[in-house]
Amino acid sequence: MNTDRPRRMRDPRDAAEAAFKAATTKPPAPLPQRTPTPSVPNAKELVSLRIDRDVLEHFQGEGPGWQERMNAALRNAAGK
């Protein structure tokens, strides 16, 4: 069996309908380009992050403000 050629349709009506559909179907509209958001100083970015349970419990164990403390620790580790 030759796999280089597409299969022939058995019914001429099916072939005609497929050709008509291919000729009359509009291509999908291109997705709009996403413009980068302007950089805002000290803006927070919402992210999803996987952290070991014991590390999370350490920061949460100190009470409210654990996200800010974790951010400060990460900032310190990044040398900023």
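Quick notes on the rules
Residues numbered from 1 in each chain as written. Predicted model: local features only at pLDDT ≥ 70, side-chain atom pairs only at ≥ 80, totals over all residues. Heavy atoms only, no water. Helix = DSSP H or I, 4+ residues; strand = E, 2+ residues; numbered from the N terminus. Buried < 20%, exposed > 50% of the residue type's maximum accessible area, 1.4 Å probe, protein only. Areas by Shrake-Rupley, 256 points an atom, 1.4 Å probe, with all protein chains shown as cover. pLDDT = per-residue confidence, 0-100. Salt bridge = Lys/Arg side-chain N within 4 Å of Asp/Glu carboxyl O. Axes fitted to C-alpha atoms, helices over the stretch in contact; angles between N-to-C directions. Parallel < 35°, antiparallel > 145°, perpendicular 65-115°, else oblique. Left-handed = near helix turned anticlockwise from the far one by under 90°. Contact = heavy atoms within 4.5 Å. Nonpolar A, V, L, I, M, F, W, Y, C, P; charged D, E, K, R; others polar. Patch = residues over 30% accessible without salt bridge, like charges linked within 9 Å, V, L, I, M, F, W, Y side chains within 5 Å. Expected span 1.5 Å × (residues − 1).

Asker: Outline the overall build of the protein, listing residues and values.
Answerer: The helix and strand tally for the protein stands at 3 helices and 0 strands. When its helices and strands are written in sequence order, the protein yields α-α-α. Among the 80 residues that make up the protein, the fraction classed as buried is 4%. As displayed, the protein offers around 8,600 Å² of accessible surface, 54% of which is attributable to carbon and sulfur atoms.

Asker: How would you summarise the confidence of the model for the protein if you had to cite specific residues and measurements?
Answerer: Looking at the protein as a whole, its pLDDT mean stands at 84, while 88% of the residues score no less than 70. Ranking the elements of the protein by mean pLDDT puts helix 1 (residues 12-24) last with 85 and helix 2 (residues 53-61) first with 94.

Asker: Give me the lowdown on the pattern of salt bridges, citing residues and values where you can.
Answerer: Inspection of the entire model under this criterion finds 1 salt bridge. One salt bridge in this structure joins glutamate 62 and arginine 69, with 3.1 Å as the shortest N-O distance. The exposure class assigned to arginine 69 is partly exposed, which follows from its relative accessible area of 24%.

Asker: Tell me about the packing of helix 2 against helix 3 (residues 66-77), and name the residues and values.
Answerer: Packing of helix 2 against helix 3 leaves a shortest axis separation of 8 Å and a crossing angle of 120°. Judged by the inter-axis angle, helix 2 sits oblique to helix 3. When the axes of helix 2 and helix 3 are compared, the crossing they make is right-handed. For the pair helix 2 and helix 3, contact is made by Leu56, Phe59 and Gln60 and by Trp66, Arg69, Met70 and Ala73, respectively. By residue class, the composition of the contact of helix 2 with helix 3 is 5 nonpolar, 1 polar and 1 charged.

Asker: Tell me about a nonpolar patch on the surface, and please be specific about residues and values.
Answerer: A contiguous nonpolar patch, built from Val47, Leu49, Ile51, Val55 and Leu74 and spanning about 440 Å² of accessible area, is present on the exposed surface. Along the chain, valine 55 turns up in helix 2.

Asker: A description of helix 1 should follow, citing residues and the corresponding values.
Answerer: In an α-helix, one turn spans 3.6 residues, which is why side chains three or four residues apart end up on the same side. For helix 1, with 13 residues, the first-to-last C-alpha span of 18 Å sits near the 18 Å given by 1.5 Å per residue. By the criterion of burial, helix 1 is predominantly exposed, with just 0 of the 13 residues buried.

Asker: Which residues make up the environment of alanine 73, and what values go with them?
Answerer: Here alanine 73 lies in helix 3. Among the residues examined, alanine 73 registers a relative accessible area of 36% and is labelled partly exposed. Residues alanine 73 and phenylalanine 59, spaced 14 residues apart in sequence, show a C-alpha to C-alpha distance of 9.9 Å.

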